[in-house]
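# Coordinates in review
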Amino acid sequence: TALMFAAIADCPAGVLRLLRAGADMKLRNAGGGTALLLAKAKGHTECVEAFRTYLGEVAADRSKAPPSAEAGDALAGGAPAGEA
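Residues numbered from 1 in each chain as written. Predicted model: local features only at pLDDT ≥ 70, side-chain atom pairs only at ≥ 80, totals over all residues. Heavy atoms only, no water.

### A closer look at the side chain of His-44
For clarity, the threshold we go by: For helices the rule is a DSSP run of H or I covering at least 4 residues; for strands it is a run of E covering at least 2, with both sets numbered from the N terminus onward. Between buried and exposed lies partly exposed: a residue is buried under 20% and exposed over 50% of the maximum accessible area for its type, with that area taken using a 1.4 Å probe on protein chains only. Under the rule applied, a polar contact is a pair of N or O atoms within 3.5 Å (in protein, one hydrogen donor and one hydrogen acceptor; residues adjacent in sequence only if both atoms are side-chain atoms). Contact criterion: two residues are considered in contact whenever any of their non-hydrogen atoms come within 4.5 Å of each other.
Inspection of the secondary structure assignment puts His-44 in the loop between helix H3 (35-42) and helix H4 (45-64). You can call His-44 buried: its relative accessible area is 12%. One polar contact links the side chain of His-44 to the main-chain carbonyl oxygen of Ala-7, over a distance of 2.9 Å. Those residues in contact with His-44 that sit more than four places away from it in its chain are Ala-7, Ile-8, Ala-9, Asp-10 and Ala-39.

### Observations concerning the pattern of salt bridges
Heads up, the rule is: When a carboxyl oxygen of Asp or Glu lies within 4 Å of a side-chain nitrogen of Lys or Arg, that pair is called a salt bridge.
In the structure shown here, the tally under the stated rule is two salt bridges. Its salt-bridge partner being Glu-49, residue Arg-52 comes within 3.4 Å of it at the nearest N-O pair. Highlighted residues: Arg-52 and Glu-49, both in helix H4, separated by three residues, approximately one helical turn.

### Topic: the packing of H3 against H4
Where we set the bar: Every angle, taken between N-to-C directions, lies between 0 and 180 degrees, and every axis is a line fitted to C-alpha atoms, over only the stretch in contact when it is a helix. A crossing counts as left-handed when the near helix is turned anticlockwise from the far one by less than a right angle, and as right-handed when that turn is clockwise. Residue polarity is assigned by list, with Asp, Glu, Lys and Arg as charged and Ala, Val, Leu, Ile, Met, Phe, Trp, Tyr, Cys and Pro as nonpolar; anything else, Gly included, falls into the polar class.
Between H3 and H4, the least distance of the axes is 8 Å, while the angle of their chain directions is 150 degrees. Between H3 and H4 lies a crossing of left-handed hand. Residues Ala-35, Leu-36, Ala-39 and Lys-40 of H3 pack against Cys-47, Val-48 and Phe-51 of H4. Per-class residue counts for the contact of H3 with H4 are six nonpolar, no polar and one charged.

### Here's the deal with H3
Rules: By definition, the arc is the one covered by directions from the helix axis to the C-beta atoms.
When we look at burial in H3, the residues that qualify are Ala-35, Leu-36, Leu-38 and Ala-39. Here the buried residues of H3 occupy an arc of 160 degrees about the axis, which is enough to place them on one side. Elements in contact with the buried residues of H3: helix H1 (2-8) and H4. Within two residues after H3, Gly-43 carries a phi angle of roughly 75 degrees, on the positive side.

### Concerning the packing of helix H2 (residues 12-20) against H4
Short version of the rule: Throughout this description, any angle smaller than 35 degrees is read as roughly parallel, any larger than 145 degrees as roughly antiparallel, any in the 65 to 115 degree range as roughly perpendicular, and the remainder as oblique.
Between H2 and H4, the least distance of the axes is 8 Å, while the angle of their chain directions is 25 degrees. As the angle between them shows, H2 and H4 are arranged roughly parallel. Of the two possible hands of crossing, H2 and H4 adopt the one that is right-handed. Across the interface between the two elements, Pro-12, Val-15, Leu-16, Leu-19 and Arg-20 from H2 touch Glu-46, Cys-47, Ala-50, Phe-51, Thr-53, Tyr-54 and Glu-57 from H4. For the contact of H2 with H4, the class distribution of residues is eight nonpolar, one polar and three charged.

Purely geometric stuff here, so don't read any function into it on its own.
Quick look at the structure:
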């Protein structure tokens, strides 16, 4: 994948840009390696740090997101729409 190529080529800016654009970091190559594992194996510490940066951004976004309306209804004991 493009993400794997960026990780192997030691291009942390490319790694971060691809992750932010929605690249799937869970995809594996024929040998079972992910882009992150490939970067680690090559010793590309800046690429590994780009993955950490992205995961930190995702975690921060999730902590800011309000709970969904459905989750709120379920917690309040309300019936889902159409089931009252």
